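# Results of the structural survey
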Amino acid sequence: QKEVEQDPGPLSVPEGAIVSLNCTYSNSAFQYFMWYRQYSRKGPELLMYTYSSGNKEDGRFTAQVDKSSKYISLFIRDSQPSDSATYLCAMSAGGKLIFGQGTELSVKP
Amino acid sequence: GAVVSQHPSRVICKSGTSVKIECRSLDFQATTMFWYRQFPKKSLMLMATSNEGSKATYEQGVEKDKFLINHASLTLSTLTVTSAHPEDSSFYICSAIPGQGGTEAFFGQGTRLTVV
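Positions within a chain are numbered from 1, following the residues in the order the chain's sequence is written. Chain A is the first chain written and ligand 1 is the first ligand written, with later ones labelled in order. A pLDDT threshold of at least 70 governs which residues receive local features in this predicted model, and a stricter bar of 80 or more applies before side-chain atom pairs are shown or counted, although totals over entire chains, interfaces and linings include all residues. Calculation of side-chain values draws on the structure's entire complement of heavy atoms; hydrogens and water are dropped beforehand.

## Observations regarding the state of the cysteines
Residues and elements named next belong to chain B. Here, two cysteine sulfur atoms that lie within 2.5 Å of each other are counted as a disulfide. Under the definition given, this model contains two disulfides over all chains. One disulfide bridge connects Cys23 with Cys94, the sulfur atoms lying 2.0 Å from each other. Sign of the S-S torsion, about 80 degrees for the bond between Cys23 and Cys94, identifies this disulfide as right-handed. Placement of Cys23 in strand β3 (residues 19–25) and of Cys94 in strand β9 (residues 90–97) is noted, with a sequence separation of 71 residues between them. Exposure class is identical for Cys23 and Cys94. Each is buried. We note that Cys13 lacks a disulfide partner, and the nearest cysteine sulfur, in Cys94, lies 18 Å from it. Accessible area is worked out with a 1.4 Å probe on protein chains only. A residue is then buried under 20% of its type maximum, exposed over 50%, and partly exposed in between. The exposure class assigned to Cys13 is buried, which follows from its relative accessible area of 8%. In this text, helices come from DSSP runs of H or I with a minimum length of four residues, and strands from runs of E with a minimum of two, each type numbered from the N-terminal end.

## What about the pattern of salt bridges?
All names here are of chain B. In the sections that follow, a salt bridge refers to a side-chain nitrogen of Lys or Arg positioned within 4 Å of a carboxyl oxygen of Asp or Glu. Following the criterion strictly, the structure yields five salt bridges over all chains and no others. When the shortest N-O distance is used, the salt bridge between Glu22 and Arg24 registers 3.5 Å. By relative accessible area, which is 35% here, Arg24 ends up partly exposed.

## So, the pairing of strand β4 (residues 32–38) of chain A
All names here are of chain A. For β4, the tally of buried residues reaches seven of seven residues, placing the bulk of the element in the interior. Residues Tyr32, Met34, Tyr36 and Gln38 line one face of β4 and the alternating positions Phe33, Trp35 and Arg37 line the opposite face, and both faces are buried. Here seven bridges tie β4 to strand β9 (residues 85–92), and the two strands are oriented antiparallel to one another. Of the residues in β9, the one forming a bridge with Trp35 is Cys89. As paired elements, β4 and strand β5 (residues 45–50) share five bridges and run antiparallel to each other. Pairing of Phe33 across the sheet is with Thr50, part of β5. Between β4 and the antiparallel strand that follows it, β5, lie six residues; Arg41 among them carries a positive phi value of about 65 degrees. For two strands to be treated as a pair, DSSP must find at least two bridges joining them.

## What about the pairing of β3 of chain B?
All names here are of chain B. Along β3, the buried face is formed by Val19, Ile21, Cys23 and Ser25; none of Lys20, Glu22 and Arg24, which line the opposite face, is buried. Across four bridges, the pairing between strand β1 (residues 4–7) and β3 is antiparallel. Directly across from Val4, in β3, lies its bridge partner Ser25.

Pasting the structure below:
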C-alpha cells in the first residue's frame, strides 16, 4: 500500500463547478499537509498548507484535513479554465515530503 | 511565498556527457534542499536530500555516483548527472525549505533533461 493515495483522474468539469480533490494516507505520523498545483512542464506551486485537522480557506480554495480518517481534501469553488492543471497533495512528518500521484483537472469553458 | 530559481529550464545533451543543474533560493536561506525526478503523468519521486556543508542523503535505488549533489552554500545546491544516458531523460525539480525546522517547501521551475 502506498503511503499516499490520490486518484489520478483525469477530472473534467464545466466552468463554475465546485471541484473536490482528495487524498488518503496511511502514516499517522504525518503532521503537515500541502496542496500543490502544477502546470504542464513547470515546477509545483504551493497552494495551501495546513497543520491541524479542520478547514483552511484562501479565496476560492478550501483545504480540509481529517486526521482521524487519514483523509485530506481540496475544494475549488467557481472553477475557472485557468485552474486546469495537475493538483498534487503532499504530506510530511517534518522533513521530506511524500506526494500523491496528482489529479489532472480540466475546467471547460 | 519564497522564490526558488532553477537553471537551466531545458537542456539537451549527448549521451556520455555530464549536465549540471543549479537550484538557488533567492530570498531566503535553506539548510536543506531536495531533488526530485518526475516522469510524464507521474508524481514526484524524491531522489536525495541535500544538506548544506555535508553529504547528501540519497533515497534507495538512486545512484549517488551518477547523480552528484553539492550544497556548497545556504542558497545554492547543484545536481550533476554524470555520463548521462537516454534513460536519464526526465524532468528534474528541486525544492527548498526556508530556515531550520521549517516545513513549507517551495519548488524551482524544473529542468527538462533530454539525452540524445
